[in-house]
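# Structural characterization, general
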Amino acid sequence: MDAPGLGGLNWAVIIIYLLATLGIGVWFTKRASGGTEEFFKASGRIPAWAAGFSIYATTLSAITYMSTPEQAFLADWSYAAGNIAIFAIVPLLVIFYIPFFRKLDVTTAYEYLEERFGPSIRVLGSVLFVLFHIGRVAIVIYLPTLAISSVTDINPALVAGAVGVLSVVYTFLGGIEGVIWSDVVQGIILLVGAAVILVFGVMAIDGGLVTVAADAAADDKFISADNWKFGGAAAAIPIVFLGSVFNNLHQYTASQDVVQRYQTTDSPKSTARSLIVNGFLALLTIPLFYGIGTVLYSFYQHSEALPEGFNTSALVPYFAVTALPAGVSGLLIAAIFAAAQSTISSSLNSISACVTVDIRDRFFPPKDGRPRTGVGFSRAVIVIVGALSVGVALYLSATDQAQTWDLFLSITGLFGVPLAGVFALGIFTKRANTSGVLAGLLLGAALAWVVQEQAGLTPFAVSTVAFIGAMVFGYLISLLTGAMQRGRGDHDVLPLTIYGKRSAYTRRVPTEPARETAASVASSLAVSADSALTNGSAPADPGAASANNDKYDK
């Protein structure tokens, strides 16, 4: 199949989009240079709707932009249960998770893990995130590059450079604020692009929506009775939904790229509103992206046939460059770039936050005791990780080593859902301890690996096994090791669980790790005592009136 050319007008649209995203990064450069509080949290001034758009754009990568229509094209809409799962967990996040991230005023999600379980679990969670997202960035650059270059005359290295290098530049310049506002623009572009494909596809079919609906009904392209059966050829919706709940719990509670957005708004209520916005956008994705797959199925049944041996992963860009008018197809390629760049920039800024806050600031504080104010180190991390990821993407493109890299992603990714189980153990139980959750994380990942390799279960079933396995193993081993260690600790973790959600808590790892002044300590203790009297609980000072963790295990 000869790759069609894009033409001057399409190139102009793509270049204007790329320059616009670069301009956003330049616009926020000065603010982002004000310190790590600005660079990673934007000092909490992001509007709720913009944070919600950013979460949505971050979680919808270019791979999803192309694979979701492909799923509907090849099969049906059963995977849409995963989008419903996103909306379904919003109340759970708002009621049970957000209060703890906001109470601790964390920069990274893994700061909660240290307060609850100690530094080893924090470092493990942070390092796993960094490793997985280095690989994820490379794949998010590589796969869209492969798909677009297979149906256009664009050089793969040019695609990878445009997507990867520009993402590094505007993330480097604008910090999280630049990333979020770029996400807003990119989110709008990708939604408009999807709507354009949908409209043009329907208009190109004789009979329009009537023909599309008839074809889909005749060939079970929506939802059929088979989708509610277990063990059949069709995907079982209950398993898809349940597995997606656990996958999304990982992304929304244990993955830094999403959790970081919770701190960019000015209050917990604003964070809750941002999640609601994101939930509605996830629901909007269903008719848009699954609708594209169904419309293109009907289009290629009636209007023309796909080339022999065509790779359906490139379905969306192929339709864009062969069936849409000049300029419009450029918008669609820009939308795929947007979906890729929103994910890449979020991962880069979040990786930088983990390396800076969880590693450098936590374990290598300044010798003079003064908190750091510069962001040079954080920006250097972005450049190094970005260059590494672009290099790996180009290597994969040149040597066709995707299977090896996919193996790396599957190994590191197996720890993602079990890590969500660790967060759940910390929040929903009082008995979970360091030994237990570490064992639960490892055993949950091992169990997921076994059932994935030996039982041949779907990815959604594997996620379910991974989460439940981490929870069960973690809790049981915590009971066993807790009984052996009773009386050894004096750190009160009750305010970090749902049983003490309204109780104040004094961090044992200060926000400024280099030094906490006596005045701030006294202020924190006073707040803790007042809250304790109000709530009828003991003061939360870990060094004075706190009780043993095991005190609450009765």
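Just so it is clear, the model here is predicted, and its values are computed rather than measured.

Another point: the overall build of the protein chain. Along the protein chain, the regular secondary structure elements total 22 helices and zero strands. Here the protein chain holds 554 residues, and the buried ones make up 56% of them. Here the protein chain has roughly 21,500 Å² of accessible surface; of this, 66% comes from carbon and sulfur atoms.

Overall, the coordinates contain 23 aromatic pairs when judged by the stated rule. Ring centres of Tyr79 and Phe460 lie 5.0 Å apart, and the angle between their planes is 80°; on these two criteria the pair is classed as edge-to-face. You can see Tyr79 sitting in the loop between helix H5 (62-74) and helix H6 (81-88) and its partner Phe460 sitting in helix H21 (residues 459-484), a full 381 residues away along the chain. An angle of 40° between the planes, with centres 6.2 Å apart, marks the rings of Phe101 and Tyr262 as tilted. Here Tyr262 lies in helix H13 (residues 256-262) and Phe101 lies in helix H7 (residues 90-104), a separation of 161 residues in the sequence. On the basis of relative accessibility, which here comes to 2%, the residue Phe101 falls in the buried class.

We now examine the pattern of salt bridges. Overall, the coordinates contain 13 salt bridges when judged by the stated rule. Two residues, Arg45 and Glu177, come together in a salt bridge whose shortest N-O distance is 2.8 Å. One end of the pair, Arg45, is in the loop between helix H3 (36-41) and helix H4 (48-59); the other, Glu177, is in helix H10 (residues 156-203), and 132 residues separate them in sequence. For Arg45, a relative accessible area of 32% gives the class partly exposed. Among the ionic pairs, Arg136 bridges to Asp257, the shortest N-O distance being 3.7 Å. Taken as a pair, Arg136 in helix H9 (residues 119-151) and Asp257 in helix H13 lie far apart in primary sequence, 121 residues in all. Classification of Arg136 as buried rests on a relative accessible area of 14%. Connected through shared salt-bridge partners, Arg31, Glu38, Arg45 and Glu177 make up one network.

The subject of this paragraph is the environment of Ile382. Tracing the sequence through the fold places Ile382 in helix H17 (residues 376-399). Apart from residues lying up to four places away in sequence, Ile382 is in contact with Phe39, Val168, Thr171, Phe172, Leu348, Asn349 and Ser352.

Turning to the side chain of Gln256, a few remarks are in order. Inspection of the secondary structure puts Gln256 in helix H13. Take Gln256: its relative accessible area is 0%, and that puts it in the buried class. Residues contacting Gln256, with those up to four places away along its chain left out, are Thr107, Thr108, Ala109, Tyr110, Phe129, Ser350, Ala353 and Cys354.

On to the packing of H5 against helix H16 (residues 328-363). Where H5 contacts H16, the two axes come as close as 6 Å, and the packing angle between them is 120°. Looking at the two axes, H5 sits oblique to H16. Only Leu332, Ala335, Ile336, Ala339 and Ala340 of H16 make contact with H5, whose side of the interface consists of Ala62, Tyr65 and Met66.

What follows concerns helix H20 (residues 434-455). Compared with the 32 Å implied by 1.5 Å per residue over 22 residues, the 30 Å span of H20 between its first and last C-alpha is a close match. Those residues of H20 not exposed but buried are Gly436, Val437, Ala439, Gly440, Leu441, Gly444, Ala445, Ala448 and Val451. Within two residues after H20, Gly456 carries a phi angle of roughly 65°, on the positive side.

This paragraph deals with the environment of Gly118. Mapped onto the fold, Gly118 is located in the loop between helix H8 (110-117) and H9. Sequence separation between Gly118 and Asn433 is 315 residues, and the spatial gap between their C-alpha atoms is 9.2 Å.

In this fold, Thr294 is placed in helix H14 (residues 268-302). Not counting residues up to four positions away in its chain, the partners in contact with Thr294 are Ala72, Trp77, Val212, Ala216, Lys221 and Phe222.

The next point concerns the packing of H16 against H17. Closest axis-to-axis distance for the H16/H17 pair is 9 Å, and the angle between their directions is 130°. As judged from the angle between their axes, H16 and H17 are oblique. As H16 packs across H17, the resulting crossing turns out to be right-handed. Side by side, H16 and H17 meet where Leu348, Asn349, Ile351, Ser352, Val355, Thr356 and Arg360 of the first sit next to Phe377, Ser378, Val381, Ile382, Val385 and Gly386 of the second.

Another point: a nonpolar patch on the surface. On the surface, a nonpolar cluster with roughly 320 Å² of combined accessible area is contributed by Ile468, Val472, Leu476 and Leu479. Overall, the relative accessible area of 41% leaves Ile468 in the partly exposed class.

Let us now look at the confidence of the model for the protein chain. Residue-level pLDDT values for the protein chain average 82, and 86% of them are 70 or greater. Within the model, pLDDT remains below 50 along residues 513-554, and this stretch shows 65 contacts once partners closer than five positions in the same chain are excluded.

A word on the environment of Thr271. With respect to the helices and strands, the residue Thr271 is situated in helix H14. Taking the C-alpha atoms as reference, Thr271 lies 9.3 Å from Trp49; in sequence the two are 222 residues apart. Beyond its immediate chain neighbours, meaning those up to four positions away, Thr271 contacts Ile98, Arg102, Tyr262 and Thr265. A distance of 2.8 Å separates the side chain of Thr271 from the side chain of Thr265, its partner in a polar contact.

Moving on to H5. Taking 1.5 Å per residue, 13 residues should reach 18 Å; H5 reaches 18 Å between its end C-alpha atoms and fits that length. All of the buried residues along H5 are Ala62, Tyr65, Met66, Thr68, Pro69, Glu70, Gln71, Ala72 and Phe73. Check the buried side of H5 and you find it contacts H9, H10, H14, helix H15 (315-323) and H16.

This part is about the nonpolar core. In this structure, Tyr65, Tyr262, Phe337 and Phe423 are the most contacted members of the largest nonpolar core, which totals 138 residues. Top contributing element to this core by residue count: H10, with 17 residues. Here this core gathers at least three residues from each of two domains, domain 1 (12-399) and domain 2 (414-508). Each residue touching Phe337, except ones within four places of it in the same chain, is listed here: Ile14, Tyr17, Leu18, Ile148, Val159, Ala162 and Val163. Ala72, Ala80, Ile286 and Tyr290 belong to the second largest nonpolar core, which has five residues in total.

Even without being a glycine, Asp105 presents a positive backbone phi close to 55°. Within the secondary structure, Asp105 sits in the loop between H7 and H8. The backbone phi angle of Asp220 is positive, close to 55°, even though this residue is not glycine. When you line up the elements, Asp220 lands in the loop between helix H11 (208-218) and helix H12 (237-254). Overall, Asp220 belongs to the partly exposed group, its relative accessible area being 44%.

Reading the values: rules and limits
- Residues numbered from 1 in each chain as written.
- Predicted model: local features only at pLDDT ≥ 70, side-chain atom pairs only at ≥ 80, totals over all residues.
- Heavy atoms only, no water.
- Helix = DSSP H or I, 4+ residues; strand = E, 2+ residues; numbered from the N terminus.
- Buried < 20%, exposed > 50% of the residue type's maximum accessible area, 1.4 Å probe, protein only.
- Areas by Shrake-Rupley, 256 points an atom, 1.4 Å probe, with all protein chains shown as cover.
- Phe/Tyr/Trp six-rings, centres within 6.5 Å; stacked < 30°, edge-to-face > 60°.
- Salt bridge = Lys/Arg side-chain N within 4 Å of Asp/Glu carboxyl O.
- Contact = heavy atoms within 4.5 Å.
- Axes fitted to C-alpha atoms, helices over the stretch in contact; angles between N-to-C directions.
- Parallel < 35°, antiparallel > 145°, perpendicular 65-115°, else oblique.
- Expected span 1.5 Å × (residues − 1).
- Left-handed = near helix turned anticlockwise from the far one by under 90°.
- Patch = residues over 30% accessible without salt bridge, like charges linked within 9 Å, V, L, I, M, F, W, Y side chains within 5 Å.
- pLDDT = per-residue confidence, 0-100.
- Polar contact = N/O pair within 3.5 Å; in protein donor to acceptor, adjacent residues only side chain to side chain.
- Core = buried A, V, L, I, M, F, W, Y, C linked by side-chain atoms within 4.5 Å.
- Domains from an automatic or database assignment.

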